[in-house]
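Chain by chain, the residues:
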Amino acid sequence: MSPSGDRCECLSPENDFSDVDRDVSGDRSCKHCGRSDHSPSSTGTSSSVVYRAFPMDESEKLRRIVTASVKGFTIGAGIKGGLALFSILGRLRRRKALTAIRAEGVFRNSEAIVLALKETLRYGLFLGTFAGTFVSVDEIIASLGGHRRTAKWRALVAGLIAGPSMLLTGPNTQHTSWAIYILTRAAVLAARCGIKSKRFGRICKPLTWAHGDIFLMCLSSSQILSAYILKQDSLPSSYKSFLNKHGGKDIAILEGVKTMASGLPFSNVEAIKKYYKSIGVNVKLDPEMKIPCSIVHGNQSCSGHVLSFWVQSFKRSLPVYLPVYLIPALIVHRQGLLKRPFSILGKGLLGTARSSLFLSVYCSSAWMWTCLFFRIFKKCNIPMLAMGSFPTGLALAIEKKSRRIEISLYCLSRAIESFFTCIADAGYLPQSKNLKRADVIVFSLSTAIIMHCYAQEREVFRSKYLNVLDWVFGVPPPACETPRCKNS
């Protein structure tokens, strides 16, 4: 700001106006100081976000740190508390059906509530501390080294230092799945930076393939679905429960397919017969069979099984996606619901039906492709399971384009964790006894990349993520070009 205090240097003629917005009247206004210039000779605007033209005073820095911490805590506690609430409501509903152990149920439910409150507080502290630490380190480095001189690497260091705040979720709580997922998000951002880079653009060009998300889903499906049959212990418990529910097969059936694929003696014939008898089907199983189709679908044909399984799977999928679409519609579009309820609810129901169709086709096609490969090659082994589950990922094409990359990255992170768990258990990956919290290291490196991209390569983010980050951390200003800022 000039000594007279009448005008912000962002609006000075020597500035390139990259920190200036125009209002509807054509006047220029600084994003950070809020001052306006009503000069008709003002020209040139830019949508890029840049640093304030003058350093914040100590009270403003403290306010930014406190605000980021509070908002981070709110997000962490809100998300974890909401998930815990749904979990508790589910326990209370199940308790009503278990009247024989009502007293024990009361104890367990009260214990679950206490645990949920602790978890909510921990995750709130984690994200609050992460946000507060990032902003604090960002401001400290800027004060010591200057805003412009440190702009290119400051967010990278701040994100790296803030990463270990994950330990606040519990010193003994491993978050391998979470860390790998954040790593995949960081890798996507880094790839987008490479694509637009002159130096690495040619190398990263294959990453611009329009159907890369579907290929990643196929790749992930090959590992995940093979692990679902062969080694469920390599999958996180919550994800394993999800697969067991939507896979639609009893554990005896899965064990039978696993035994045959592994080349072991077929020993659980009676367990499979007992299961089918419990659902009213008398099935004949040959211990010398070469392909497990009769194990998977009993007396049904392969095509008949796929059709009936799809109908059942679609019914199981609807309750999964109904709250995913309708709850945000009720919260985000609550005002619009009064004006155009049919339009908003209609889109929510259409989205629910589309995503449910994707999940049901995905699950039913998993059995369809494996049966097809078994019958074509007349054998069942581990490579055949991996090959048969690969094209299952094609079902992702049913989903909206904007949701495909999110789903494929989520599944990719699960597949990576499962893959490395399998090769570690097989003895091909040496385990370090000194590295107890590799998840924290991976998470810290990932957040360093993400926060660097947030500060320096904002265009690689989608707007919905960028809006959330801006709300928590404040708009990150790259170095400005005014003479006063250049000397800071």
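Below is a short write-up of the structure. Here the structure is a predicted model, which is why all the values come from computation and not from measurement.

## Details of the overall build of the protein chain
Phase 1: Within the protein chain, the secondary structure is distributed over 17 helices and three strands.
Phase 2: Looking at the protein chain residue by residue over its 488 residues, the buried ones come to 43%.
Phase 3: Long-range contacts, defined here as pairs at least 24 residues apart, represent 68% of the contacts in the protein chain between residues at least 6 apart.
Phase 4: Split by element, the accessible area of the protein chain, about 26700 Å² in all, is 64% carbon and sulfur.

## What to know about the side chain of Arg437
Phase 1: Along the chain, Arg437 turns up in the loop between helix 14 (401-425) and helix 15 (438-456).
Phase 2: In contact with Arg437, not counting residues within four places along its chain, are Leu167, Gly170, Pro171, Asn172, Thr173, Gln174 and His175.

## Brief notes about the pattern of salt bridges
Phase 1: What the rule picks out here adds up to 14 salt bridges.
Phase 2: In this structure, Lys196 and Glu459 form a salt bridge, with 2.9 Å as the shortest nitrogen-oxygen distance. With Lys196 in helix 4 (residues 176-196) and Glu459 in the loop between helix 15 and helix 16 (463-473), this pair connects stretches of sequence that are 263 residues apart.
Phase 3: The partly exposed category is assigned to Lys196, whose relative accessible area is 43%.
Phase 4: Ionic pairing is found between Arg403 and Glu399, a salt bridge with its closest N-O pair at 3.3 Å.

## Regarding the environment of Thr74
Phase 1: Here Thr74 lies in helix 1 (residues 58-97).
Phase 2: C-alpha of Thr74 to C-alpha of Leu121: the two residues are 47 residues apart in sequence and 10.0 Å apart in space.
Phase 3: From its side chain, Thr74 meets the backbone oxygen of Val70 in a polar contact 2.8 Å long.

## Quick notes on helix 12 (residues 341-377)
Phase 1: Compared with the 54 Å implied by 1.5 Å per residue over 37 residues, the 53 Å span of helix 12 between its first and last C-alpha is a close match.
Phase 2: Within helix 12, the axis deviates most sharply at Ser365, by approximately 25°.
Phase 3: Looking one or two residues past helix 12, Lys378 carries a phi angle of roughly 55°, positive in sign.

## Quick look at the state of the cysteines
Phase 1: Taken as a whole, this structure holds zero disulfides when the rule is applied.
Phase 2: Not part of a disulfide, Cys302 finds its nearest cysteine sulfur in Cys293, a span of 3.9 Å.
Phase 3: No disulfide involves Cys380; its sulfur sits 9.0 Å from that of Cys293, the nearest cysteine.
Phase 4: Cys380 gets classed as buried once you look at its relative accessible area, which sits at 9%.

## Thoughts on a nonpolar patch on the surface
Phase 1: Together, Phe73, Leu121, Leu125 and Leu168 make up a nonpolar patch on the protein surface, roughly 330 Å² of accessible area in all.
Phase 2: Tracing the backbone through its elements, the reader meets Leu168 in the loop between helix 3 (154-162) and helix 4.
Phase 3: Leu168 gets classed as partly exposed once you look at its relative accessible area, which sits at 40%.

## Structural notes on the nonpolar core
Phase 1: Of all hydrophobic cores here, the largest spans 50 residues; its most connected members are Ile229, Ile295 and Phe358.
Phase 2: Formed by 31 residues, the second largest nonpolar core is a distinct cluster that contains Phe126, Ile141, Ala162 and Phe473.

## What about unusual backbone geometry?
Phase 1: Positioned with a positive phi, Lys378 is a non-glycine residue whose angle comes to about 55°.
Phase 2: Note that Lys378 resides in the loop between helix 12 and helix 13 (382-389).

## Overview of the packing of aromatic side chains
Phase 1: This model, assessed by the stated rule, comprises 18 aromatic pairs.
Phase 2: With centroids separated by 6.3 Å and ring planes inclined at 70°, the aromatic side chains of Phe215 and Phe390 adopt a geometry described as edge-to-face. Taken together, the residues Phe215 in helix 5 (residues 212-230) and Phe390 in the loop between helix 13 and helix 14 connect sequence positions 175 residues apart.
Phase 3: Relative accessible area serves as the criterion here: at 39%, Phe215 is assigned to the partly exposed category.
Phase 4: Feature note: the residues Tyr123, Phe126, Phe130, Phe134, Trp178, Phe443, Tyr454, Phe461 and Phe473 constitute an aromatic cluster, connected by ring pairs.
Phase 5: Its end group placed over the ring of Phe309, Arg316 keeps NZ or CZ at 5.3 Å from the ring centre.
Phase 6: Its guanidinium or amino end placed over the ring of Tyr239, Arg414 lies 5.2 Å from that ring's centre, counting from NZ or CZ.

## Remarks on helix 3
Phase 1: Inspection of helix 3 places Arg154, Ala155, Ala158, Gly159 and Ala162 among the buried residues, and these make up the whole buried set. All buried residues of helix 3 fall inside an arc of 125° around its axis, so they share one side.

## Section: the environment of Gly163
Phase 1: With respect to the helices and strands, the residue Gly163 is situated in the loop between helix 3 and helix 4.
Phase 2: Distance from Gly163 to Ala448, taken between C-alpha atoms, is 7.7 Å for residues 285 residues apart in sequence.

## Here we look at the packing of helix 5 against helix 12
Phase 1: Across the interface, helix 5 lies against helix 12 with an axial gap of 12 Å and an inter-helix angle of 60°. When the axes of helix 5 and helix 12 are compared, the pair comes out oblique. Regarding helix 5 and helix 12, the two cross each other, and that crossing is right-handed. On helix 12, the residues touching Met217, Ser221, Leu225, Tyr228 and Ile229 of helix 5 are Phe358, Tyr362, Ala366 and Trp367.
Phase 2: Its residues assigned to classes, the contact of helix 5 with helix 12 comprises eight nonpolar, one polar and no charged.

## A word on the packing of helix 3 against helix 15
Phase 1: At their nearest, the axes of helix 3 and helix 15 sit 7 Å apart, and the two run at 150° to each other. In terms of orientation, helix 3 lies roughly antiparallel with respect to helix 15. Considering how the two elements wind past one another, helix 3 and helix 15 form a crossing that is right-handed. Listed contacts from helix 15 to Ala155, Leu156, Gly159 and Leu160 of helix 3 are Ser444, Leu445, Thr447, Ala448, Ile449, Met451, His452 and Ala455.
Phase 2: Residues that form the contact of helix 3 with helix 15 fall into these classes: eight nonpolar, four polar and no charged.

## As for the environment of Cys422
Phase 1: Positionally, Cys422 belongs in helix 14.
Phase 2: Sequence separation between Cys422 and Leu235 is 187 residues, and the spatial gap between their C-alpha atoms is 9.7 Å.
Phase 3: What Cys422 contacts, discounting residues up to four positions off in sequence, is Gln223, Lys231 and Ser234.

Rules and cut-offs
- Residues numbered from 1 in each chain as written.
- Predicted model: local features only at pLDDT ≥ 70, side-chain atom pairs only at ≥ 80, totals over all residues.
- Heavy atoms only, no water.
- Helix = DSSP H or I, 4+ residues; strand = E, 2+ residues; numbered from the N terminus.
- Buried < 20%, exposed > 50% of the residue type's maximum accessible area, 1.4 Å probe, protein only.
- Contact = heavy atoms within 4.5 Å.
- Areas by Shrake-Rupley, 256 points an atom, 1.4 Å probe, with all protein chains shown as cover.
- Salt bridge = Lys/Arg side-chain N within 4 Å of Asp/Glu carboxyl O.
- Polar contact = N/O pair within 3.5 Å; in protein donor to acceptor, adjacent residues only side chain to side chain.
- Expected span 1.5 Å × (residues − 1).
- Bend = angle between axes of the 7 residues up to and from the residue.
- Disulfide = S-S within 2.5 Å.
- Patch = residues over 30% accessible without salt bridge, like charges linked within 9 Å, V, L, I, M, F, W, Y side chains within 5 Å.
- Core = buried A, V, L, I, M, F, W, Y, C linked by side-chain atoms within 4.5 Å.
- Phe/Tyr/Trp six-rings, centres within 6.5 Å; stacked < 30°, edge-to-face > 60°.
- Lys NZ or Arg CZ within 6 Å of the ring centre and 35° of its normal.
- Arc of directions from axis to C-beta.
- Axes fitted to C-alpha atoms, helices over the stretch in contact; angles between N-to-C directions.
- Parallel < 35°, antiparallel > 145°, perpendicular 65-115°, else oblique.
- Left-handed = near helix turned anticlockwise from the far one by under 90°.
- Nonpolar A, V, L, I, M, F, W, Y, C, P; charged D, E, K, R; others polar.

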